[in-house]
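Listed here are the chains, written in short residue letters.
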Amino acid sequence: MRAMHITSEHPMLAAVVDDLATHGWSQQALFLPADLVRALAAECRRRDAEGELNPAGVGRGVAQEVREAIRGDQIQWVDPGQAEACDQYLAAMDQLRQAINRGLYLGLEDFECHFALYPPGAFYRRHLDRFRDDDRRMVSAVLYLNESWQPQDGGQLRMFLADGVEHDVQPVAGCLVVFLSGEVPHEVLPAGRERLSLTGWFRRRGNDPF
């Protein structure tokens, strides 16, 4: 896998910033090279095979609980130094963080993300990504890792936009979707096959001084 070099001045990152400013969301069909996307998918499947993914919960802190009637994905958080492919992805997202800060002055300080694997039939009900008691998540970012995905496979990300508009995103390998965490309700529709993604959030400093 060849090393990827991207700077915060890259035209695709500028397009994401422009879309966020104008619409509150952006969709880029081919955000990363195909070999890096395949390496990320392989890393997700490796973790799954080794039992490292766990059922995702809803809520935060001590109130978090697994509720499969709301969401059915399995996740594991990504940290630097775990895998070369993950480090390249984190580096690209840091360049995007810098581009968003330069263009929108959001004061984004970091990026957190996890692998998400939806088994066939799993879904995630309509929700917002920002917690009621924690306003740090500002911008959500989802990279899809599914090769040869077809519309009939389902699993679309459905975003509920202004004026009652619904926009469906096919979870096709290499596609990146970015949106304002507190302003775009969305859901994941059931899929007929295994569905992989990297889901993350750019965060600012919270209002809580502690």
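Provided above is the structure to which this section pertains.
Below is a summary of the structure that appears in this document.

The rules behind these values
- Residues numbered from 1 in each chain as written.
- Predicted model: local features only at pLDDT ≥ 70, side-chain atom pairs only at ≥ 80, totals over all residues.
- Heavy atoms only, no water.
- Helix = DSSP H or I, 4+ residues; strand = E, 2+ residues; numbered from the N terminus.
- Expected span 1.5 Å × (residues − 1).
- Buried < 20%, exposed > 50% of the residue type's maximum accessible area, 1.4 Å probe, protein only.
- Arc of directions from axis to C-beta.
- Contact = heavy atoms within 4.5 Å.
- Pairing = 2+ DSSP bridges.
- Axes fitted to C-alpha atoms, helices over the stretch in contact; angles between N-to-C directions.

Time to look at helix α1 (residues 11-22). Here α1 is twelve residues long and its end C-alpha atoms lie 16 Å apart, about the 16 Å a rise of 1.5 Å per residue gives. Restricting attention to buried positions, one finds in α1 the residues Leu-13, Val-16, Val-17 and Leu-20. Along the axis of α1, the buried residues cluster in a sector spanning 95°; they form a single face. Opposite its buried face, α1 presents the exposed residues Pro-11 and Thr-22, each directed more than 90 degrees away. In the core, the buried residues of α1 are packed alongside β1 (25-28), α3 (84-104), β6 (137-144) and β9 (176-180). Just beyond α1, the residue with positive phi is Gly-24, at close to 90°.

Time to look at the sheet that holds β9. Sheet architecture is open: seven strands sit in the order β1-β9-β6-β11-β4-β3-β2, paired in antiparallel fashion. The outermost strands of the open sheet, each flanked by one partner alone, are β1 and β2 (54-55). The pairing of strand β3 (residues 74-77) with strand β4 (residues 108-118) spans four bridges and is classified as antiparallel. The partner of Ile-75 across the bridge, within β4, is Ala-116. The strands touched by α1 are β1, β6 and β9; relative to β1, the strand with the most contacts, the crossing angle is about 150°. Its contacts with the sheet place helix α2 (residues 34-49) against β3, β4, β6 and β11 (195-204), and it is angled at close to 65° to β4.

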